[in-house]
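Below, each chain spelled out in residue letters.
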Amino acid sequence: MTDCQGDGEGASTPMELYERLGAQGDKVRSLKSAKAEKAEVDAAVQLLLKLKIDYKQMMGQDYKAGCPPSEEAAAPDNGPAAEGDEDTVDPWNVSTTNAKGVDYEKLIVKFGSSKIDKELVDRIEKVCGQKPHRFLRRGVFFSHRDMHQVLDAYEKHKSFYLYTGRGPSSEAMHVGHLIPFIFTKWLQDVFDIPLVIQLTDDEKYLWKDLTVEECHRFAIENAKDIIACGFDLNKTFIFSDLDYMGASPEFYRNVVKIQKHVTFNQVKGIFGFTDSDCIGKISFPAIQAAPSFSNSFPQIFGSRSDIQCLIPCAIDQDPYFRMTRDVAPRIGYPKPALLHSTFFPALQGAQTKMSASDANSSIFLTDTPKQIKNKINKHAFSGGKDTVEEHRKYGGNPDVDVSFMYLTFFLEDDEQLEKIRQVREEIGPQTRSD
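The numbers attached to residues start from 1 for each chain and follow its sequence in the written order. Given that this is a predicted model, residues contribute local features only at a pLDDT of at least 70 and side-chain atom pairs are listed and counted only at 80 or more, while totals for whole chains, interfaces and linings are drawn from all residues. Each side-chain value is derived from all of the structure's non-hydrogen atoms; neither hydrogens nor water enter the calculation.

Under an unreviewed UniProt entry, the name given to the protein chain is Tryptophan--tRNA ligase, cytoplasmic, and the organism recorded is Fundulus heteroclitus. UniProt positions are given in the numbering used here, feature names are shortened, and annotations may be inferred rather than shown by experiment. Quoted verbatim from the Sequence similarities (unreviewed entry) heading of the UniProt record, the comment on the protein chain is "Belongs to the class-I aminoacyl-tRNA synthetase family."

Pasting the structure below:
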């Protein structure tokens, strides 16, 4: 990760920071025009994003080119930042105090990934010859690691494979679980490539109050939901860790190689493990890392270890793969590339993601239409105002309206989505006759 700490600290006034942002934006454009090395461009973009965050913290509003701050402008005095104001994003917890959800631009800087910008979306369209998926058009998949490298290789007729997964903690998956699978199916279709899907039933046994038998049964049930997404049966391998680890010496050998190159201090730093965690948790990250390497699947790739892996996943899984990317060159394998998605909001709002452990926050794939309707009506956070009078005066806010957020994930037609947005702003749920 590029170290850009302190780069904005010299800007003592809003105007100085504004000017620095303009200069950094010019630098990014210049590097792109000159087709500079990707690493140099990425570093410049990361600094630009950090400066934008600094500007927002100083001014209380987003930076806008051509709109300099007034001389009297000053940062709003909000007092010291509360500890709870910071977004929490890790493989087990996602929360924020912002009704609009996690600040993903800030998360890009924190995790050291790269933003999926229009240039990358256009390039994906050009390479695959298909209209970009709505998840790309709308920023549902918003961040990446080395996607340009994957496309460079593909243009040179070097293929890659896909890897995603599911931790089966419940008998039924909820609609939020579908997001990476829907997008992965599109990727498989447009690039015509193999896919491996890991069901981490071993992980759920280690973390949850469940029996081994329950976790394995949940894996089988979840596999049915995943298969229903319509993946290419001839190019898709779905496996349970509890089954595959004992049946594939090649897979286990890679697990051991990874384990040897990651210290206890490293996993504690990455995942927050403590001395009271069981040793199974400490060793598990190597198991989630192993599918990133093609020779873990000799039945698909033979002994080849040089085929790059692309992992579509929610960004809370990124810590596993930052570790994987650090280890890969030390054991002679290519680093996996990643595409990160935003979180699917809980019914109660985008402050947290939908969770299978909270039935009232989730819409399960086994719910009936009546159950879904009741959950939406009873629990879904609305973007409307508290009274009809306030709503008529101020309009609704689709940016925090959960029902509208769900449409941004599932409604294909961009024009129809925009019309609904306008209606929600003008009418809102509190004033509708239905």
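Let us look at the pattern of salt bridges. When a carboxyl oxygen of Asp or Glu is within 4 Å of a side-chain nitrogen of Lys or Arg, the pair counts as a salt bridge. Taken as a whole, this structure holds 26 salt bridges when the rule is applied. Salt-bridge contacts for Asp26 lead to Arg29; the nearest nitrogen and oxygen are separated by 2.6 Å. Of the two residues, Asp26 and Arg29 both sit in helix α1 (residues 14-33), three residues apart, roughly one turn of that helix. Glu418 serves as the salt-bridge partner of Arg421, at 3.9 Å between the closest nitrogen and oxygen. One end of the pair, Arg421, and the other, Glu418, are both in helix α19 (residues 414-426), three residues apart, so they sit about a helical turn from each other. Burial status follows relative accessibility: with a 1.4 Å probe on protein chains alone, a residue under 20% of its type maximum counts as buried, one over 50% as exposed, and anything between as partly exposed. Under the relative-accessibility criterion, Glu418 is labelled partly exposed at 37%. Residues joined by salt bridges that share partners form a network here, namely Arg134, Arg137, Arg138, Glu412 and Asp414. Runs of H or I in DSSP of at least four residues are treated as helices and runs of E of at least two as strands, each being numbered from the N terminus.

This part covers the sheet that holds strand β4 (residues 141-145). Two modes of strand pairing occur in sheets, parallel and antiparallel, and in both the strands are linked by backbone hydrogen bonds. What makes two strands pair is DSSP finding at least two bridges between them. Overall, mixed pairing links the seven strands, which are arranged β3-β4-β9-β8-β5-β6-β7 in an open sheet. Only two strands of the sheet have a single partner each, and these edge strands are β3 (114-115) and β7 (236-240). Where strand β5 (residues 160-166) meets strand β6 (residues 195-199), five bridges bridge the pair, whose relative direction is parallel. Within β6, the residue paired with Thr164 across the bridge is Ile197. Its contacts with the sheet place helix α15 (residues 318-327) against β4, β5, β8 (308-314) and β9 (337-341), and it is angled at close to 165 degrees to β9. Throughout, a residue-residue contact means that at least one pair of heavy atoms, one from each residue, lies within 4.5 Å. For helices, the fitted axis covers only the stretch in contact; all axes are lines through C-alpha atoms, and the angles between them, taken along N-to-C directions, range from 0 to 180 degrees.

A few words now on the packing of helix α13 (residues 279-289) against α15. Interhelical geometry of α13 versus α15 gives an angle of 75 degrees and a closest axis separation of 9 Å. Taken together, the axes of α13 and α15 are roughly perpendicular relative to one another. Contact with α13, carried on its side by Phe284, Pro285, Ala286, Gln288 and Ala289, involves Tyr320, Phe321, Met323 and Thr324 of α15 and no other residues of that element. In the contact of α13 with α15, the residues fall into seven nonpolar, two polar and no charged. What sets the label is the angle itself: under 35 degrees gives roughly parallel, over 145 gives roughly antiparallel, 65 to 115 gives roughly perpendicular, and the rest give oblique. Lys, Arg, Asp and Glu make up the charged group, whereas Ala, Val, Leu, Ile, Met, Phe, Trp, Tyr, Cys and Pro make up the nonpolar group; the residues left over, Gly among them, are polar.

Let us now look at a nonpolar patch on the surface. For patch detection, residues must exceed 30% relative accessible area and be free of salt bridges, and they are connected within 9 Å for like charges or within 5 Å for nonpolar side chains (Val, Leu, Ile, Met, Phe, Trp, Tyr). Residue burial considers only the protein chains on display, and all accessible areas are found by Shrake-Rupley using a 1.4 Å probe. Taken together, Tyr205, Val212 and Leu242 make up a surface patch of nonpolar side chains, about 230 Å² in accessible area. Within the secondary structure, Tyr205 sits in helix α8 (residues 201-207).

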